[in-house]
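Here's the letter readout for the chains.
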There are 2 protein chains.
Amino acid sequence: MKNDPKRKIYTEILKTKGYKLTAPRLLVLDVFLQNRKPLNADFVYEKVRTKKTDRVTVYRTLKIFESARVIHQVNLKKDSVFFELTKDHHHHIVCLECGLIEDFDACTIDQLAKNVISKSPYFSSIDHHSLELFAICKKCNKG
Amino acid sequence: MKNDPKRKIYTEILKTKGYKLTAPRLLVLDVFLQNRKPLNADFVYEKVRTKKTDRVTVYRTLKIFESARVIHQVNLKKDSVFFELTKDHHHHIVCLECGLIEDFDACTIDQLAKNVISKSPYFSSIDHHSLELFAICKKCNKG
DNA sequence: ACACTAATTGCAAATCATTTGCAATTAGTG
DNA sequence: CACTAATTGCAAATGATTTGCAATTAGTGT
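Note that the structure is predicted; figures quoted are calculated from it, not measured.

Student: Help me understand the sheet that holds strand β5 (residues 101–104) of chain A, please; the structure alone is not making it clear to me.
Tutor: Think of a sheet as strands paired side by side through backbone hydrogen bonds, with each pair either parallel or antiparallel. Reading across the sheet, the six strands line up as β5(A)-β4(A)-β6(A)-β6(B)-β4(B)-β5(B) and stay open at both edges, with mixed pairing between neighbours. At either margin of the open sheet sits one strand with a lone partner, and together these are β5 of chain A together with β5 (101–104) of chain B. Put simply, the sheet's adjacent strands are angled 20° from each other on average, direction ignored. In this structure, strand β4 (residues 91–95) of chain B lies alongside strand β6 (residues 128–135) of chain B, joined through four bridges in parallel fashion. Note that in β6(B) the partner of Ile93(B) across the bridge is Leu133(B). Contacting β4 (91–95) and β6 (128–135) of chain A together with β4, β5 and β6 of chain B, helix α5 (residues 108–119) of chain A crosses the sheet at an angle of about 60° to β6(B). Contacts from helix α5 (residues 108–119) of chain B reach β4, β5 and β6 of chain A together with β4 and β6 of chain B, with the element oriented near 60° to β6(A).

Student: Is there a simple way to explain the packing of α5(A) against α5(B) in this structure?
Tutor: With their axes 11 Å apart at the nearest point, α5(A) and α5(B) run at an angle of 175° to one another. As summarised for this structure, α5(A) and α5(B) are arranged roughly antiparallel, according to the angle between their axes. Seen from α5(A), the contacting residues are Thr108(A), Ile109(A) and Leu112(A); seen from α5(B), they are Thr108(B), Ile109(B) and Leu112(B). The residue makeup of the contact of α5(A) with α5(B), split by class, is four nonpolar, two polar and no charged.

Student: Just to check I follow, could you spell out the protein's contact with DNA strand D for this structure?
Tutor: The environment of DNA strand D is made up of 19 residues, and the closest members are Tyr59(A), Lys63(A), Thr22(B), Lys52(B) and Thr57(B). Near-protein atoms of DNA strand D (within 4 Å) split between backbone and bases, with sugar and phosphate holding 67%. Interatomic distance of 2.7 Å between a side-chain N/O atom of Arg25(B) and a phosphate oxygen of DNA strand D. One of the backbone nitrogen or oxygen atoms of Lys52(B) is found 2.5 Å away from a phosphate oxygen of DNA strand D. In terms of residue count, helix α4 (residues 55–67) of chain A provides more of the surface near DNA strand D than any other element does, four residues in total. A per-class count over the surface near DNA strand D returns seven nonpolar, four polar and eight charged.

Quick notes on the rules
- Residues numbered from 1 in each chain as written.
- Chains lettered and ligands numbered in written order.
- Predicted model: local features only at pLDDT ≥ 70, side-chain atom pairs only at ≥ 80, totals over all residues.
- Heavy atoms only, no water.
- Pairing = 2+ DSSP bridges.
- Helix = DSSP H or I, 4+ residues; strand = E, 2+ residues; numbered from the N terminus.
- Axes fitted to C-alpha atoms, helices over the stretch in contact; angles between N-to-C directions.
- Contact = heavy atoms within 4.5 Å.
- Parallel < 35°, antiparallel > 145°, perpendicular 65-115°, else oblique.
- Nonpolar A, V, L, I, M, F, W, Y, C, P; charged D, E, K, R; others polar.
- Near = heavy atom within 4 Å.
- Polar contact = N/O pair within 3.5 Å; in protein donor to acceptor, adjacent residues only side chain to side chain.

Spatial relationships are all this shows, so hold off on functional conclusions.
Listed below in structure tokens is the structure:
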């Protein structure tokens, strides 16, 4: 969505880091803004391939977005790597059988992170975190 | 280590699930017992290749161990998948620059998980979880 | 608006990790 | 000790991701 207020935040981050705002990059960004869940390279490519964007460009764009901290990896134990927008951060419960994903917030994690940092000899601040719970969902438990 | 008390726990799990205790499987298990940190397929293979064990067997063994819940995936944002023994579970702070890993415990996560479960319409229990913090370590922050 | 230049792109080919098919071997059972 | 299904190793296939390179383009200054 061109009118998503977060769009500007991300494009500003990219500009600040010296990356050009090219058509493919904006397309990929919009895929993330329009699909607020963890996405893999293939999903993104399927959404932009019609708009003359190569698969390689998708890979390269994901790398750039990741290094610019616009997106980050999410551990979903699927066969490929998934990413989500950094500002959309939340946590997931993932069904080990069917892959069902439920979101949840965990405000206590920030407190926990502070605690860990205060005791660490190597780290003094946290960039971001990843908390995933894995389970068998009720449906799969029956089957 | 043949004398590691946890070795028996894992071999029992494998037996119970009907998997044969073959030489390659015991070799892979021992690699995990002797290297208490997240490992990838390549690391394991390098440790067992001398003992006439094929790379394919390593991959297949990791799959079996994962489905038997002897090991599970850890999200370290590296280019390949890492695993650790389930009973060795702890959390990590990973440096986004140099990959330095520091371990920590987080006993409050279990409470948090219970809390999430009590509110979830889809899940009624947690199998395991994954909490990783990502940061730039003090050393990399200077450089 | 126009030209310049480095960054970015698309394509084709290469690489890397992981998987599959199949015949030979082996662990666990009786 | 023999039996049988599970497991293994090899070779080849697959699938995801990366690389080289020439053509294109965004952002800059004019």
